[in-house]
Amino acid sequence: MAKRIIVKNGDPLLRLRSKVVTEFDGRLAQLLDDMRDTMIAENGVGIAAVQVGVLKRACIVCPDGETSYEFINPEIVKKSGTQSSVEGCLSVPNMSGEVERPKKIDIRAYDRFGKQFELKATGYLAIICCHEFDHMDGVLFIDKVKKPEMEKNS
Ligand code: CO
């Protein structure tokens, strides 16, 4: 169990492109375990490695608090439809806003052992995946928010 510090909006690290993972080793496994602990401690539904200060294309998505998915070097190979929902982000505290995302996506990614897999995601799962994958390209949900005004949660 190791909770890491969340990188917050304003830190230039969040705007950098994360690097493709080439070593599927114990260090990657430790990173993913720590990311998961951090996500749970912060009550998040997803987390990307850059959010704990590591520029690697890795993320965890946990739409229901139980099932968690790990994606290494993910790619969206197909997308269709649109859906909108109010998003927030552990790196952008006290802010939320409506964002449009694809309704369905086909993902190709690797697991922590370097095995490639494909997953079809729809609904909430697709939304979180798109949000986390954006982090790997230095994109935050606030860049895509439909309404210019941001709501304060607190
Ligand atoms: Co986020």
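(A) Examining the pattern of salt bridges more closely. If you walk through the whole model with that rule in mind, you get 14 salt bridges. Notably, a salt bridge pairs Arg15 with Asp143, separated by 2.7 Å at the nearest N-O pair. Residue Arg15 is located in the segment before helix H1 (26-41), and its partner Asp143 is located in the loop between helix H2 (123-135) and strand S8 (151-152); the two are separated by 128 residues in the primary sequence. Taking the relative accessible area as the measure of exposure, Asp143 reaches 43% and is therefore partly exposed. For the salt bridge of Lys146 with Glu98, the shortest nitrogen-to-oxygen distance reads 3.6 Å. Of this pair, Lys146 sits in the loop between H2 and S8 while Glu98 sits in strand S5 (residues 92-101), and the two are 48 residues apart along the sequence. For Glu98, a relative accessible area of 25% gives the class partly exposed. One salt-bridge network, held together by shared partners, links Glu87, Arg101, Asp134 and Lys144.

(B) Structural detail: the nonpolar core. In this structure, Cys59, Val61, Phe71, Ile105, Ile107, Cys129 and Phe133 are the most contacted members of the largest nonpolar core, which totals 19 residues. Elements represented by at least two residues in this core include exactly strand S2 (58-61), strand S6 (104-110) and H2. Here the element with the most residues in this core is H2; it accounts for 6 residues. If we skip the residues at most four places from it in the chain, Ile107 touches Phe71, Pro74, Glu75, Phe117, Glu118, Leu119, Ala121, Cys129 and Phe133. Ile6, Ala49, Val54 and Cys62 belong to the second largest nonpolar core, which has 16 residues in total.

What counts and how
Residues numbered from 1 in each chain as written. Predicted model: local features only at pLDDT ≥ 70, side-chain atom pairs only at ≥ 80, totals over all residues. Heavy atoms only, no water. Salt bridge = Lys/Arg side-chain N within 4 Å of Asp/Glu carboxyl O. Helix = DSSP H or I, 4+ residues; strand = E, 2+ residues; numbered from the N terminus. Buried < 20%, exposed > 50% of the residue type's maximum accessible area, 1.4 Å probe, protein only. Core = buried A, V, L, I, M, F, W, Y, C linked by side-chain atoms within 4.5 Å. Contact = heavy atoms within 4.5 Å.

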